[in-house]
Amino acid sequence: MQYTELQKMAIDTAGEFTRKKIAPAAGLIDEREEFPLANFKEMGRLGLLGIPYPEKYGGVGLDYVTYSAVVREIAKVCASTAMTMVAHTGLTANPIFNSGTEEQKLKYLKPVASGEKIGAFGLTEPSAGSDISSIQTTAKRREDHYVLNGAKIFITNANVADIFIIAAKTSQEKGMMGISIFILEKGMNGFKSSGKKERKLGMRGSDTGELIFQDVIVPKENLIGKENLGFKILHQTLVSARIGMAAIALGISEGAQRYCLEYVKQRKQFGEYLHHFQSIKNMLADMEMNINAADLLLQKVAVMKDEGRNITKEASEAKLFASETVMKITRDAIQIFGGYGYSQELPLERFFRDAKVTEIGDGTSEIQRLIIANEVIKKT
Ligand SMILES: Cc1cc2nc3c(=O)[nH]c(=O)nc-3n(C[C@H](O)[C@H](O)[C@H](O)COP(=O)(O)OP(=O)(O)OC[C@H]3O[C@@H](n4cnc5c(N)ncnc54)[C@H](O)[C@@H]3O)c2cc1C
C-alpha cells in the first residue's frame, strides 16, 4: 500500500509510541488484567483515537486505511490496547459521526475522538448476542426524555468509559425494527457498571464489564437518528467495526510471525537450524501466504470504506479470514517455539489467548459466514 505523507505520519507516530510505551507495558497489563489508562490517554493526545474523523469533531481527518494500519501496528505487540482502541474509535465514535446531529457530534464525538473521554458500545445482553433483535433493555418515551431499564454484558471499556452508545427497545413488539440507539454519560442517575470485571482467556489488558440501567432518564436529544430505526445504525457500526477486528487479528499474526522468523534462524536441533526442517518451512510458508491474503482483504475493505461503498460482504470476509488465520498462526508459532512458546517468558502464549476473541466479537465466525453467503446469494 502506498501511503500519503499524512497517512505515513500517523502510522509512524503510532509505530514509535507502540515501541516506546505500548510494547513495554503489554505483558504487564495482561498479567495484572489492568486497563492501560496512561497509554490510552497519550494515544488520544497523539491523535491516534480519532483517525477517521474530521478535525472539527476532535479527529485528525484521515481515513480507515490509516486507522486499520495503526490498529494493526499496535496489535503486533499488544492486542488488548488495540481492542480498547477499536471499541472506542470503531464502535463508539462511529455511530455518532455517521448518524448523530451536529450538537451530538460536538458534545460527544469531539471528546471521544480526541481521547479526552473514553467510549464504550453496549449492545450485548445476557440473552441477546448474535440475535440482536432479542435485546430486552427498554427505552420508554416520556415527554422530553426516555426512561431506560435493562442490562448489558461483555462490554469493552464498561468500567472505564465516560460516554456510552446503548441499544434499547423502544417498541418491544417490533423486534429488529423496534431498536433505538442512545448516548449515555457516566454518572447519569440509575446508570452504572455493575463493577464486575470479566475474567477472560485473553485480551486481559482490555476492560470488559457489565452495565445496569435502572430508570435512567435520558434526554430525547440523546437519541441517535430516528426512534425504532436503530438497527440500521447498528448494522453500519458493526460492519465498519469489523475492519478494526480484522486489523487486530492481522496485527497479532504479524507479531507472532516476526518472533518465528528470528527464532528459526537461531535455534538448532540435531545440528540444524529449525528453518532447515521441511515441516517448519511449511508452517512459515502458510504464515506468509495467509498474512498476505488477510492483508489484501483488509486493504481492500478499508479502501472501499473510504470510498463510501457498501462493505457488508467485504468487511465480513476480511474479519473472518483474518480471525481464522490468526488462530492457525498463533498455534503454529507456539509449535515452532516448542516449550519456549508455551512458556509465559515469551508473548506467544498471550498472542494465542488474545487471538480467540477475534472469532467472537463484532459477530462470530458463524455469523460472518451467514452474512457473506446471504450477500453473495443476493448478488446472483
Ligand atoms: C472480550 C469481549 C469483548 C466484547 N465487547 C463487546 C462490546 O464492547 N459491546 C458489545 O455489545 N458486545 C461485546 N462483546 C460481545 C460479543 O459481541 C458477543 O459475544 C458476540 O456477538 C456473540 O454473542 P454471544 O456471546 O451471546 O454468543 P451467541 O450469540 O449465544 O452464540 C453462541 C454460538 O452460537 C452460534 N450462533 C448463533 N446464532 C447463529 C446462527 N444464526 N447461525 C449459526 N450459528 C449461530 C454462534 O456463532 C456461537 O458459536 C464482547 C465479547 C467479548 C468476549
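A quick note: this is a predicted structure, and the numbers were derived from the prediction, not measured. (Residues numbered from 1 in each chain as written. Predicted model: local features only at pLDDT ≥ 70, side-chain atom pairs only at ≥ 80, totals over all residues. Heavy atoms only, no water.)

### Concerning empty space enclosed by the protein
- Enumeration over the complete set of coordinates arrives at one cavity of 30 Å³ or more.
- Computed from the structure, the largest cavity encloses a volume of approximately 50 Å³.
- Lining the largest cavity, in full, are M1, Y3, V65, S68, A69, R72, L298, Q299 and A302.
- When contributions to the lining of the largest cavity are tallied by element, the ones reaching two or more residues are α3 (64–75) and α7 (278–306).
- Top contributing element to the lining of the largest cavity by residue count: α3, with four residues.
- Classifying every residue of the lining of the largest cavity by side-chain character gives six nonpolar, two polar and one charged.
- Taken domain by domain, the lining of the largest cavity gets at least three of its residues from each of domain 1 (5–118) and domain 3 (231–379). (1 Å grid on protein atoms, 1.4 Å probe; cavity = no way out; pocket = protein on both sides within 12 Å on 5 of 7 lines; lining within 4 Å. Points joined across faces, edges and corners; volume = space filled by probe spheres on them. Helix = DSSP H or I, 4+ residues; strand = E, 2+ residues; numbered from the N terminus. Nonpolar A, V, L, I, M, F, W, Y, C, P; charged D, E, K, R; others polar. Domains from an automatic or database assignment.)

### Let's talk about the domain arrangement of the chain
- Considered domain by domain, the chain is made up of domain 1 (5–118), domain 2 (120–228) and domain 3 (231–379).
- Facing the 25 residues of domain 1 at the interface are 30 residues of domain 3.
- Taken over both partners, the interface formed by domain 1 and domain 3 buries close to 2200 Å², and the fraction arising from carbon and sulfur atoms is 62%.
- Among the residues of domain 1 in contact with domain 3, Y64, R72 and K76 are the three that bury the most area, contributing 30% of the side total.
- The interface formed by domain 1 and domain 3 includes three salt bridges.
- Note that D30 and R353 form a salt bridge whose closest N and O atoms lie 2.8 Å from each other.
- Along the contact surface separating domain 1 from domain 3 lie seven residue pairs in polar contact (both at pLDDT 80 or more).
- Looking at the side of domain 1 that touches domain 3, the elements that each hand over two or more residues are α1 (5–32), α3 and α4 (79–99).
- Of the residues forming the side of domain 1 that touches domain 3, the biggest block, eleven residues, is contributed by α4.
- Per-class residue counts for the side of domain 1 that touches domain 3 are 14 nonpolar, seven polar and four charged. (Contact = heavy atoms within 4.5 Å. Buried area = accessible area lost by both parts, 1.4 Å probe. Salt bridge = Lys/Arg side-chain N within 4 Å of Asp/Glu carboxyl O. Polar contact = N/O pair within 3.5 Å; in protein donor to acceptor, adjacent residues only side chain to side chain.)

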